[in-house]
Amino acid sequence: MPAPERIPPRGVTPGQGPAELLARGELTVRGRIREASNAALLCTVAYEGRQASCVYKPVAGERPLWDFPDGTLAGREVAAYEVSEATGWGLVPPTVLRDGPYGEGMVQLWIEAQAEGFDTELLALLDAEEPGPGWKAIGFAEVGEGRTALLVHADDERLRRLAVLDAVINNADRKGGHLLPAPGGRLYGIDHGVAFHVENKLRTLLWGWAGEPLPQEALCVLKGLRDALGEGGGLATRLTALISPAEIDATRARVEALLTTGLHPEPSGEWPAIPWPPV
């Protein structure tokens, strides 16, 4: 029987370091991540003497969703990585779309989250009416026995960058568990399968800056994204293989809207603003 035709890796060009390893290396499944809502497999990938841990999410293991086309979540994860790389902020771990043991899927570098320390203090529940210095209010949450507490996130530049990225990609599921503090002060966001919808579905814990002016750094990044998303732009070309033309147009429109208002977006009121569960 002839060997099955391999699907060429997408989202990578030769010499990209971790992305090249993910795209061209041999995948070996080590186990399943049972907490994931879709099939997510912990793997090792090896290529030319290099090896790393990674997550492989095969398209075949995606659960159908009522509002996203079937079999598109893996491509959306890679598209989020491409947009993140275009910002220069490096907020999403290296991610590619490639063939694997269970067919085409998303493969992402495994990030070992820092378990404790100052950099991990990104979310908190406060017994207070106001967030206090260094924190931004999300809203009040029930904590049992009729009690409520103020849910807050850190007033942190890394989170603010993620909030801008989420607004661009229209992330419908920014939970606390999708924030990975890493050694060296890095912060990554993961699980971007429900993003890039043409309708406004932004759902996140990072509402602390809603309605506030975007920082100058973010405005400069958004101008760069506008250019990269233009007809013939490098980012637009790469996204063509990952999301639909209408979704690329909608991404352009969101970037333009952010530049026009100069403000962090606010909840639309037409869609639950905070994901459930929030962590």
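Scroll up a little and you will see the structure.
On a predicted model such as this, the values are computed, not experimentally measured, just so you know. (Residues numbered from 1 in each chain as written. Predicted model: local features only at pLDDT ≥ 70, side-chain atom pairs only at ≥ 80, totals over all residues. Heavy atoms only, no water.)

A. Structural view of the overall build of the chain. Scanning the chain for helices and strands turns up six helices and ten strands. Whereas a compact globule of 279 residues would reach a radius of gyration of roughly 19 Å, the chain reaches 19 Å, a difference of no more than 12%. Projected onto the principal axes, the alpha-carbon positions of the chain cover approximately 65 × 45 × 40 Å. Across the 279 residues of the chain, 49% fall into the buried class. (Helix = DSSP H or I, 4+ residues; strand = E, 2+ residues; numbered from the N terminus. Rg over C-alpha atoms; globule rule 2.2 N^0.38 Å. Buried < 20%, exposed > 50% of the residue type's maximum accessible area, 1.4 Å probe, protein only.)

B. Structural context of helix 6 (residues 245-261). Between the first and last C-alpha of helix 6 there are 25 Å, a value that for 17 residues agrees with the 24 Å anticipated at 1.5 Å per step. Restricting attention to buried positions, one finds in helix 6 the residues E247, I248, A250, T251, R254, V255, L258 and L259. Two residues or fewer after helix 6 comes G262, characterised by a positive phi angle close to 70°. (Expected span 1.5 Å × (residues − 1).)

C. Focus on the sheet that holds strand 4 (residues 95-98). With antiparallel pairing, five strands are arranged side by side in an open sheet as 1-2-3-5-4. Every other strand in the sheet has two partners, leaving strand 1 (26-32) and strand 4 as the edge strands with one partner each. Each neighbouring strand pair of the sheet contributes to a mean axis angle of 35°, computed without reference to strand direction. As defined by bridge partners, strand 3 (residues 50-58) adjoins strand 5 (residues 105-109) across five bridges and the pair is classed as antiparallel. Following the sheet pairing, Y56 is matched in strand 5 by V107. (Pairing = 2+ DSSP bridges. Axes fitted to C-alpha atoms, helices over the stretch in contact; angles between N-to-C directions.)

D. Molecular detail of the sheet that holds strand 6 (residues 123-126). With respect to topology, three strands assemble into an open sheet ordered 6-8-7, the strand pairing being antiparallel. This sheet does not close on itself; its edge strands, each paired only once, are strand 6 and strand 7 (135-144). Looking at each pair of strands side by side, their axes are set apart by 30° on average, direction ignored. Taken together, the four bridges between strand 6 and strand 8 (residues 147-154) define a ladder with antiparallel strand orientation. Following the sheet pairing, L123 is matched in strand 8 by H153.

E. A look at the environment of E270. Here E270 lies in the segment after helix 6. Taking the C-alpha atoms as reference points, E270 and A218, 52 residues apart in sequence, are found 26 Å from one another.

F. Representation of the environment of N200 in the model. Mapped onto the elements of the fold, N200 is located in the loop between strand 10 (186-189) and helix 4 (216-228). Since its relative accessible area comes to 48%, N200 is described here as partly exposed. Between the C-alpha atom of N200 and that of K57, which follows or precedes it by 143 residues, the distance is 25 Å. If sequence neighbours within four positions are ignored, N200 has contacts with N170, S268 and W271. (Contact = heavy atoms within 4.5 Å.)

G. Just helix 2 (residues 73-87), in detail. An ideal rise of 1.5 Å per residue puts 21 Å on 15 residues; helix 2 measures up with 21 Å between its terminal C-alpha atoms. Within helix 2, 13 of the 15 residues are buried, which leaves the element mostly enclosed by the surrounding structure.

H. Quick peek at the packing of helix 4 against helix 6. Running from N to C, helix 4 and helix 6 cross one another at 145°; their axes reach a closest spacing of 10 Å. As helix 4 runs across helix 6, the sense of the crossing is left-handed. Contact residues: helix 4 offers L219, L222, K223, L225 and R226, while helix 6 offers V255, E256, L258 and L259. Of the residues belonging to the contact of helix 4 with helix 6, the class tally is six nonpolar, no polar and three charged. (Left-handed = near helix turned anticlockwise from the far one by under 90°. Nonpolar A, V, L, I, M, F, W, Y, C, P; charged D, E, K, R; others polar.)

I. Representation of the pairing of strand 9 (residues 179-182). Residues L179 and P181 point to one face of strand 9 and L180 and A182 to the other, with burial holding for every one of them. Two elements, strand 9 and strand 10, share four bridges in a ladder whose sense is antiparallel. Counterpart to P181 in the pairing with strand 10 is L187. Adjacent in sequence and paired antiparallel, strand 9 and strand 10 are bridged by three residues, among which G184 carries a positive phi angle near 85°.

J. Molecular detail of the pattern of salt bridges. Tallied over the entire structure, the rule returns 16 salt bridges. With a closest N to O distance of 2.8 Å, E247 and R76 form a salt bridge. Here R76 lies in helix 2 and E247 lies in helix 6, a separation of 171 residues in the sequence. Taken as a pair, E247 and R76 share a single burial class, namely buried. A salt bridge links K175 to D173; the shortest N-O distance between them is 3.8 Å. Take K175 and D173: they sit in the same class, and that class is buried. Each member of the salt-bridge network shares a partner with another, and the members are E20, R24 and R50. (Salt bridge = Lys/Arg side-chain N within 4 Å of Asp/Glu carboxyl O.)

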